[in-house]
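One-letter residues, chain by chain:
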Amino acid sequence: GAPLASGTLGFLLTRGLAHVPLPGGVRGQVRFLDGGAFLVQACAYGSNDAQKLYAMVAMASGQIVGPIEVHLISQAAIAFLFTIGIFVGVRRYAGRLGQQVMPVRHVHSIAAKLAASVAVLASSAAGVPVSMTQSSTAGLLGAGVSEAVGRVRWAAALPILGAWAVTLPASA
């Protein structure tokens, strides 16, 4: 669900963003848009994965049965660690993925981040677990295919898609 939606949105957003005129100071505007897309992605990541961290804290503190109560100090620690993880991990992952799967331009990055964010936030709102990594990858693939199918390095992308074919049905 979410990876397919993210790929489709990445395709459509890249097509749409290619036609948006950016007057003077383009570099600053692109960085602003990319930073905004990153913040939206971080919120989506948190909405999707924070409950998993809360569950880990509850299990570590011995709360295995019943409603989970996470104290304010634990919430603050989780938010802090999650923020550090996002700034360290997401950028590194995105750079590695971008180098392997396709040459990424800012328009691809912005479209992929926004596409993955929308798909993950919608899934989170519906209470459906989803992989942010798979949604981000699908958004990037959709962004690349929007320009040309050959823009994607399929030798790197096909093993990722093959892994999804196995893991997504197995997790259901």
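The model shown is predicted, which means the values in this text are computed figures rather than measured ones.

**Student:** How do you make sense of helix α4 (residues 106-125) when you look at a structure like this?
**Tutor:** Side chains that are three or four residues apart share a direction in an α-helix, a result of its 3.6 residues per turn. With 20 residues, α4 ought to run about 28 Å at 1.5 Å a step, and its terminal C-alpha atoms sit 28 Å apart, in line with that. Looking one or two residues past α4, Gly127 carries a phi angle of roughly 75 degrees, positive in sign.

**Student:** Mind showing me how you'd approach the packing of α4 against helix α5 (residues 132-147) here?
**Tutor:** Think of two packed helices as two axes; the pair is described by the angle between the axes and how far apart they sit. For the pair α4 and α5, interaxial distance at closest approach is 8 Å and the crossing angle is 135 degrees. By the criterion of interaxial angle, the relationship of α4 to α5 is oblique. Every pair of crossing elements has a handedness; the one defined by α4 and α5 is right-handed. Residue-level contacts link Val107, His108, Ala111, Ala112, Ala115, Ala116 and Val120 of α4 to Met132, Ser135, Ser136, Gly139, Leu140, Ala143, Gly144 and Glu147 of α5. Considering only residue class, the contact of α4 with α5 consists of nine nonpolar, five polar and one charged.

**Student:** Just checking my understanding: could you explain a nonpolar patch on the surface for this structure?
**Tutor:** The grouping of Phe80, Leu81, Ile84 and Val88 at the surface amounts to a nonpolar patch, some 410 Å² of accessible area in total. Among the secondary structure elements, Phe80 is positioned in helix α3 (residues 72-101).

Rules behind the numbers
Residues numbered from 1 in each chain as written. Predicted model: local features only at pLDDT ≥ 70, side-chain atom pairs only at ≥ 80, totals over all residues. Heavy atoms only, no water. Helix = DSSP H or I, 4+ residues; strand = E, 2+ residues; numbered from the N terminus. Expected span 1.5 Å × (residues − 1). Axes fitted to C-alpha atoms, helices over the stretch in contact; angles between N-to-C directions. Parallel < 35°, antiparallel > 145°, perpendicular 65-115°, else oblique. Left-handed = near helix turned anticlockwise from the far one by under 90°. Contact = heavy atoms within 4.5 Å. Nonpolar A, V, L, I, M, F, W, Y, C, P; charged D, E, K, R; others polar. Patch = residues over 30% accessible without salt bridge, like charges linked within 9 Å, V, L, I, M, F, W, Y side chains within 5 Å. Areas by Shrake-Rupley, 256 points an atom, 1.4 Å probe, with all protein chains shown as cover. Salt bridge = Lys/Arg side-chain N within 4 Å of Asp/Glu carboxyl O.

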